[in-house]
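Coordinate analysis (summary)
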Amino acid sequence: MRDLIALLTFLAFTSAAAKPNAGLKTWSRFSKLPYPGDKAFLYDTFPEDFIWAVGTAAYQVEGAFEKDGKGLSIWDTFTRGGNRMATGDVGSDSYHNIHADIRAIGQLGVSHYRFSLSWSRIFPNGTRGSYNKIGTNYYRTLIKRLKEIRVQPVVTLYHWDLPDHLQQSLGGWSNPELVGIFKDYADFCFHTFGDDVKYWITIDNPFVVARHGYGTGVVAPGIKNDPDLPFRVGHNLLKAHAAAWHLYDRHYRPRQHGKLSMALASHWIKPSRTRLESLRECQCSLDHVLGWFARPLFTDGDYPPCMKARLGSRLPSFTQEEREQVRGTADFFALSHGAALSFQLINDSLKFGQQEDLDLRMLLYWVNAEYDRPPIFVVQSGWYVLGNTKTEDPKHMYYLKTFIAEALKSIVIDGVNVIGYTAWSLIDGFEWHREYGIRRGLYYVDFNTPDMKREPKTSATFYRNVIQRNGFPELPENRPAQGVFPCDFAWGVSANSIQVESTPSQFADPSVYRWNVNNGELMRLEGFSSPPLHRNTHCADYATVRQQVDEIRQMGVNHFHFSLNWSALVPSGDVARPNAALLGYYRCFTRQLLQASVTPVVTLWHHTRQRSSLPAPLDTANKWLNRETPEAFADYARLCYRELGAHVKIWITLNEPNDEMVSYQEGHQMLRAHALAWHAYDREFRHLQGGQVSLALHMDWVEPAFSFSREDVEPAKRVLDFFVGWFAEPVFGSGDYPLGMRSWLRQLNSLDLPVFNEEDRRLVKGTYDFFAISHFSTKLVTHAKEDSYTYTAVLEVQHMIDTTWIMSSMPVVPWGLRKALNWVKEHYSDVPVYVMANGVQEDPARFKDSLRVYYLYNYINEALKAYTLDGVNLKGYFAYALSDQRDPGFGLYGQVHEEVIVKASLSNYRNIIQHNGFPVQGAEPQQCPSLPQPCLGCHVLTKRPVVGFLTLVSAG
């Protein structure tokens, strides 16, 4: 399949050479990819010869700014001027720490190491006459040590640190004389190091050098008095690169067989509107940053038409001879992407009203289309963390994962020829205009130690693992499961509430009508009305019962879960005076469900943050903190068991009480209430009704951000203890709160957690017939605190997400359900488990709700794995929710005005139910015994006389 995708993509691209602005199709192409399938994580591997690299820049890490004859660079001067606070005089002291850097490179397992030469360390005043042998030998030693560990060098000739003498005497890159001077410097480097170097970068990020070095003054040399100067500087940079390329091509390539390019950096941009004008502005934005240098090199030797049109005479022009000299002077496309440019050095003026975005995959596709399929080497990619972050850098790690995953999709799905990836950077160092305020290294450098000690960060461990596996190979647990659920599996749908009629809508019209037997029309007779009906209300009188039951039945489920309204059923709090009409409605509803072969699952109290749903007397009297509330709840439960128990065999006492907004004292009383209600059923109703009772807990999965770090495994367990074990352990386990929860609060000197007395312990323990969970999503936790994520101080955990996850209102992480189910099994053995609610929010206007289709398919498949592979005693699965009318955005039914719409997700869910899972193709169908159909009215025939009506029609 992978080869076919690549072949088709190649054929599509090779049908014609790239046309001007060919990258314009990128935005429309990606907008048409299947959602959310295209956003799903791709498990696959990179090509066997893929280049895995890591990189640094000389001024950022070398230090030794005056050591062994090195001359000053423009950064040595720039950092001593203005209001700058720090310098790179010492940096990470790599000049004295080759052994430590080599050890770190070896530990990562990369195949290539990108580093830059300090021009002023080799030629202190910038020209050959000032040659410094000691400085040159530093790089000879570095390359030799790299060869010893079988790592290939990728050498950058110029990474922003021009010899200061050339700036002071000639004006730096603003002077065309630098073209020849740079060529001579390149000649020396090719001659001296070229036998051991197969990849050369002439100049790094000429956009930053020209625009921010000679325009905004943000970086060295800090010039900002001539708005046109950056374009003249860029012109000279292109000529200097071309001169070096031709030199190498003529004199060194035949013997050294290396490749050479210029490292071009870019942001990504997305249209603020879908109109063509916005797409053209996006194209122009990229042309002003990346195309400024890429089009001359890869297309026609000239600047992008968009730049020429908008800048006019401000932009220098190439002669025809110069165009030929510049065009084609790149053996591969060296692309930089990430923090050095995106969201830091692109200002609004270059966005042209559009929105900047971090999308490496789309950028790679654009480069591929715009520049006629060049081999692309990502020579810098990564993100950053704040300067106070040490060895735990979850933000950096997940950005790194995202960028690598996007590069993989670019190769496998988009057919782009990405040949290598460079994580940036190897070690922490001086971060240019951000100084030491951020860190970008895979290795933490302690700048306060004499030897600048290097320690691997979690991002380094992650990158090493990716390199070892050559990507993200598909593991058995990543593959969809095939198989079916047991014959008695409960397939259901949940709703927080149902539509209720306070008075019957049928037989409520007192009008008298005349029936036209010829055309069937009914005509109301004015001035006539029928006498009021003196009869009992019948279930058939409620139109909403019939409508809702029909919708549920058509879904194909055999169970329906909904919640009663305690405050509406017993508004006074006195169960002796219930709302008889509402009770009758619920009785009709559950009865009609059974007649439709749908088992009702009824919740007595559903926790919501908006309202307590307690009867008014309790609501105004301290709610759940009132010691009388549990007893009142038990009485309410008895009322429901007595009135509805003939039709309801599965009860939920409390639905999702384990909310972070619920205090420990409130939770304690809720547990007592649940236990009292369970015992009431067990002692007074079970022997007659034969039902089951439990509570349902909200249980989103909590995954360690660093699964390979014990420091994060413990916080994940802690969060689960506090949010699931809080209610689960007293009921399903020991009769007390989790030991980890109690000991953690004790060490914080907190007395908030109540203590179970022996009577309450016996009351609560074992009050279950099954374990029910509501599960929607997964989150990551780490003990490492980073300001950009939500930090819970009490638990000392940082909440975060994996940036590769499909995002909606909550992350879509199907495997989290399987882990949650296994947690229940590991903690409470073979307890029967129901997934009582599982769903995703999506725009109600999307009736082709592809996200929900994907969500239900994959979450149910993970539930199947838990049942078939892990031995979880899974009894049922309930999709959430029935309709948008009651649960906006979650419904499998939509609604437009009064019309009910069947969404695509409903049809897909019904198909899964009909097959009872995901049967193996071609396998024998599952043989399940047919279940007896309920006959709720059969007892009438044996106990009461029956009156029948006949209509006789004359044959005359």
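As annotated in an unreviewed UniProt entry, the protein carries the name Klotho and is attributed to Amphiprion ocellaris. Quoted verbatim from the Subcellular location (unreviewed entry) field of UniProt, the annotation for the protein is "Cell membrane". In the Sequence similarities (unreviewed entry) part of its UniProt record, the protein is described as follows: "Belongs to the glycosyl hydrolase 1 family. Klotho subfamily."

Observations regarding the state of the cysteines
One way to say it: the disulfide is the covalent bond shared by the sulfur atoms of two cysteines. Across all of its chains, the model carries three disulfides by this definition. Between Cys284 and Cys306 runs a disulfide, and the two sulfur atoms are separated by 1.5 Å. Residue Cys284 is found in helix α13 (residues 276–298), and its partner Cys306 is found in helix α14 (residues 305–311); the two are separated by 22 residues along the sequence. For the residue pair Cys284 and Cys306, the accessibility class agrees, reading buried in each case. There is a disulfide in this structure between Cys539 and Cys588, and the S-S distance comes to 2.2 Å. The sign of the -85° torsion about the S-S bond sets the Cys539-Cys588 disulfide as left-handed. Pair noted here: Cys539 is in the loop between β20 (522–529) and α19 (543–555) and Cys588 is in helix α21 (residues 580–595), with a separation of 49 residues, a long-range link. The exposure class assigned to Cys588 is buried, which follows from its relative accessible area of 8%. The thiol sulfur of Cys282 is not disulfide-bonded, and the nearest other cysteine sulfur, from Cys284, lies at 10 Å.

Concerning the packing of aromatic side chains
On inspection of all chains with the given rule, the structure shows 88 aromatic pairs. A ring pair is formed by Trp27 and Trp268, whose centres lie 5.1 Å apart and whose planes are at 15°; its orientation type is stacked. Of this pair, Trp27 sits in helix α2 (residues 25–31) while Trp268 sits in strand β7 (residues 268–270); the two residues are 241 residues apart in sequence, bridging distant segments of the chain. Trp268 matches Trp27 in its accessibility class, with the two residues each being buried.

Describing unusual backbone geometry
Put simply, Tyr35 and Pro36 share a cis peptide bond, and its omega is 0°. Following the sequence through the fold, Pro36 ends up in the loop between α2 and β1 (44–45). The residue Asp93 is not glycine, and still its phi comes out positive at about 55°. As for its position among the elements, Asp93 is in the loop between α4 (74–78) and α5 (98–108). In this structure, Ser597 takes a positive phi of about 65° despite not being glycine. The residue Ser597 is located in the loop between α21 and β22 (599–606) in this model.

Overview of the environment of Val379
Mapped onto the fold, Val379 is located in strand β10 (residues 376–382). Here Val379 falls in the buried class, since its relative accessible area comes to 0%. In the structure, Val379 is positioned 537 residues away from Asn916 in sequence and 50 Å away in space, judged by C-alpha atoms. Setting aside its immediate chain neighbours within four residues, Val379 contacts Arg114, Ile201, Ala263, Ala334, Leu335, Ser336, Thr422 and Trp424.

Looking at the packing of α13 against helix α16 (residues 360–370)
Orientation of α13 relative to α16, taken along the N-to-C sense of each, is 80°, at an axis distance of 13 Å. Between α13 and α16, the angle falls in the class roughly perpendicular. Taking contact as the criterion, the partners of Gln283, Leu286, Asp287 and Leu290 in α13 are, on α16, Leu363, Trp366, Val367 and Glu370. Taken together, the residues that form the contact of α13 with α16 break down as five nonpolar, one polar and two charged.

The rules behind these values
- Positions within a chain are numbered from 1, following the residues in the order the chain's sequence is written.
- Local features are withheld for residues below a pLDDT of 70 in this predicted model, meaning they are given only at 70 or higher, and side-chain atom pairs are given and counted only at 80 or more; totals for whole chains, interfaces and linings count all residues.
- As a rule here, side-chain values come from all non-hydrogen atoms in the structure, and water together with hydrogens is ignored.
- UniProt positions are given in the numbering used here, feature names are shortened, and annotations may be inferred rather than shown by experiment.
- Here, the term disulfide refers to a pair of cysteine sulfur atoms separated by no more than 2.5 Å.
- Secondary structure elements are taken from DSSP: a helix is a run of H or I of four residues or more, a strand is a run of E of two residues or more, and numbering for both begins at the N terminus.
- Think of it in three bands: residues with accessible area under 20% of the maximum for their type are buried, residues over 50% are exposed, and the middle band is partly exposed, with areas taken using a 1.4 Å probe on protein chains only.
- Two aromatic rings from Phe, Tyr or Trp, using only the six-membered ring of Trp, form a pair when their centres are within 6.5 Å; if the ring planes differ by under 30 degrees the pair is stacked, by over 60 it is edge-to-face, and anything between is tilted.
- Contacts were defined at the residue level, with two residues in contact if any of their heavy atoms lie within 4.5 Å.
- Geometry is summarised by axes, namely lines fitted to C-alpha atoms with helices restricted to the contacting stretch, and by angles between N-to-C directions that run from 0 to 180 degrees.
- Just so you know how the angles are binned, under 35 degrees is roughly parallel, over 145 roughly antiparallel, 65 to 115 roughly perpendicular, and the rest oblique.
- Any residue that is not Ala, Val, Leu, Ile, Met, Phe, Trp, Tyr, Cys, Pro, Asp, Glu, Lys or Arg is counted as polar, Gly included; the first ten are nonpolar and the last four charged.

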